Amino acid sequence: MGITRQIEIPPGVNVTLEGSMLTVSGPKGTLARDMRFPQINVTVEGGEVVVATASDKKRFLAMSGTLEALAKSMIRGVSEGYEYRMKVVYSHFPIQLKQQGNLLEINNFLGEKQPRVAKIIEGVTVKIGNDEVTLTGIDREKVGNTAANIEHATRVTKRDPRVFQDGVYITERA
């Protein structure tokens, strides 16, 4: 029996499939991803991406949903892009942020002398405001991972997190 999932391709977005590599290109850029998984067929037919499986096993049904979500996020990324907003929160020591190449340097976090660093993944643009950081990019995974890197770099350890709530936190995903 199995299941078939269709993802409509909007105008202005071009989707090609070479072997198992799905390439999506649009006005904001190009993304490519390997969509290979046993017993799941991914095809591009007449204006839509089709993810199909003949199996009824839970594993293959779940993975077909995952591949569908990946294709949808790639199509949305090249047409609209992704934007994460982060808020800089501090109560005792003002935090200073500086971008140096592919690293975000967090100075004076809880009064520490050594700066903390967070890796900015290639393909993500960082805009630092007064007490806000904006991350933009076309790959949802890269933008989300960069936001997680920044949040993780400002993790409070060896102190009571209910008292020391300083850090850089994700406030909005769009």
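Parameters at a glance
- Residues numbered from 1 in each chain as written.
- Predicted model: local features only at pLDDT ≥ 70, side-chain atom pairs only at ≥ 80, totals over all residues.
- Heavy atoms only, no water.
- Helix = DSSP H or I, 4+ residues; strand = E, 2+ residues; numbered from the N terminus.
- Rg over C-alpha atoms; globule rule 2.2 N^0.38 Å.
- Contact = heavy atoms within 4.5 Å.
- Areas by Shrake-Rupley, 256 points an atom, 1.4 Å probe, with all protein chains shown as cover.
- Phe/Tyr/Trp six-rings, centres within 6.5 Å; stacked < 30°, edge-to-face > 60°.
- Lys NZ or Arg CZ within 6 Å of the ring centre and 35° of its normal.
- Buried < 20%, exposed > 50% of the residue type's maximum accessible area, 1.4 Å probe, protein only.
- Pairing = 2+ DSSP bridges.
- Axes fitted to C-alpha atoms, helices over the stretch in contact; angles between N-to-C directions.
- Core = buried A, V, L, I, M, F, W, Y, C linked by side-chain atoms within 4.5 Å.
- Expected span 1.5 Å × (residues − 1).

*Asks:* Requested: an account of the overall build of the protein chain, with residues and values cited.
*Replies:* A count of helices and strands for the protein chain gives 2 helices and 13 strands. For 174 residues, the compact-globule formula gives about 16 Å, and the C-alpha radius of gyration of the protein chain, at 20 Å, lies well above that figure. Expressed as a percentage of contacts within the protein chain between residues at least 6 apart in sequence, the contacts between residues at least 24 apart total 57%. Entry remark: accessible area of the protein chain is about 10,300 Å², with carbon and sulfur atoms responsible for 48%.

*Asks:* Could you give an account of the packing of aromatic side chains, with specific residues and numbers?
*Replies:* Using the criterion set out here, one finds 1 aromatic pair in the structure. Ring geometry for phenylalanine 37 versus phenylalanine 60: centroids 6.2 Å apart, planes at 70 degrees, classification edge-to-face. In this pair, phenylalanine 37 sits in the loop between β4 (29–34) and β5 (40–45) while phenylalanine 60 sits in helix α1 (residues 58–79), placing the two residues 23 residues apart along the sequence. Sitting over the face of the ring of phenylalanine 164, arginine 159 holds its NZ or CZ atom 5.4 Å from the ring centroid.

*Asks:* Provide a residue-level description of the pairing of strand β10 (residues 116–119), including the pertinent values.
*Replies:* Where burial is concerned, the two faces of β10 differ: the one with Arg116 and Ala118 is buried and the one with Val117 and Lys119 is not. As judged from the 4 bridges shared by strand β9 (residues 103–107) and β10, these two strands associate in the antiparallel manner. Its bridge partner being in β10, leucine 103 is matched across the sheet by lysine 119.

*Asks:* Run through the sheet that holds strand β3 (residues 21–26), naming residues and quoting values.
*Replies:* Spatially, the 3 strands line up as an open sheet ordered β2-β3-β4, and their pairing is antiparallel. Edge positions in the open sheet fall to β2 (14–18) and β4, since each of these has one partner strand only. Pairs of neighbouring strands in the sheet enclose a mean axial angle of 15 degrees, with direction left out of account. Pairing analysis gives 6 bridges linking β3 to β4, with the strands arranged antiparallel. Bridge pairing in β4 links methionine 21 to aspartate 34.

*Asks:* Quick one: what's the story with the side chain of glutamate 68, residue by residue and with numbers?
*Replies:* Looking at the secondary structure, you find glutamate 68 in helix α1. We classify glutamate 68 as buried; its relative accessible area is 14%. Look past the residues within four positions of glutamate 68 in its chain and what remains in contact with it is Arg5, Gln6, Ile7 and Val51.

*Asks:* Could you give an account of the nonpolar core, with specific residues and numbers?
*Replies:* By size, the foremost hydrophobic cluster in this structure holds 22 residues, and its most contacted members are Met86, Leu97, Val133, Leu135 and Ile150. Elements with a contribution of two residues or more to this core: β7 (82–89), β9, β12 (132–137) and α2 (140–153). Once residues within four sequence positions are removed from consideration, methionine 86 is found in contact with Asp131, Glu132, Val133, Leu135, Ala147, Ile150, Glu151, Val168, Tyr169, Ile170 and Thr171. In terms of nonpolar packing, the next biggest core, distinct from the first, is built from 20 residues, Ile40, Val49, Leu67 and Met74 among them.

*Asks:* Could you give an account of α1, naming the residues involved and the relevant values?
*Replies:* Residues that lie three or four places apart on an α-helix share one face, since the helix turns once every 3.6 residues. With 22 residues, α1 should cover 32 Å at 1.5 Å per step; its first-to-last C-alpha distance of 32 Å lies within 8% of that length. Taken residue by residue, α1 has Phe60, Ser64, Gly65, Leu67, Glu68, Ala71, Ser73, Met74, Ile75, Gly77 and Val78 as its buried positions. Once α1 finishes, glycine 81 follows within two positions and takes phi at roughly 85 degrees, a positive value.

None of the figures reported here should be taken as evidence of function without further support.
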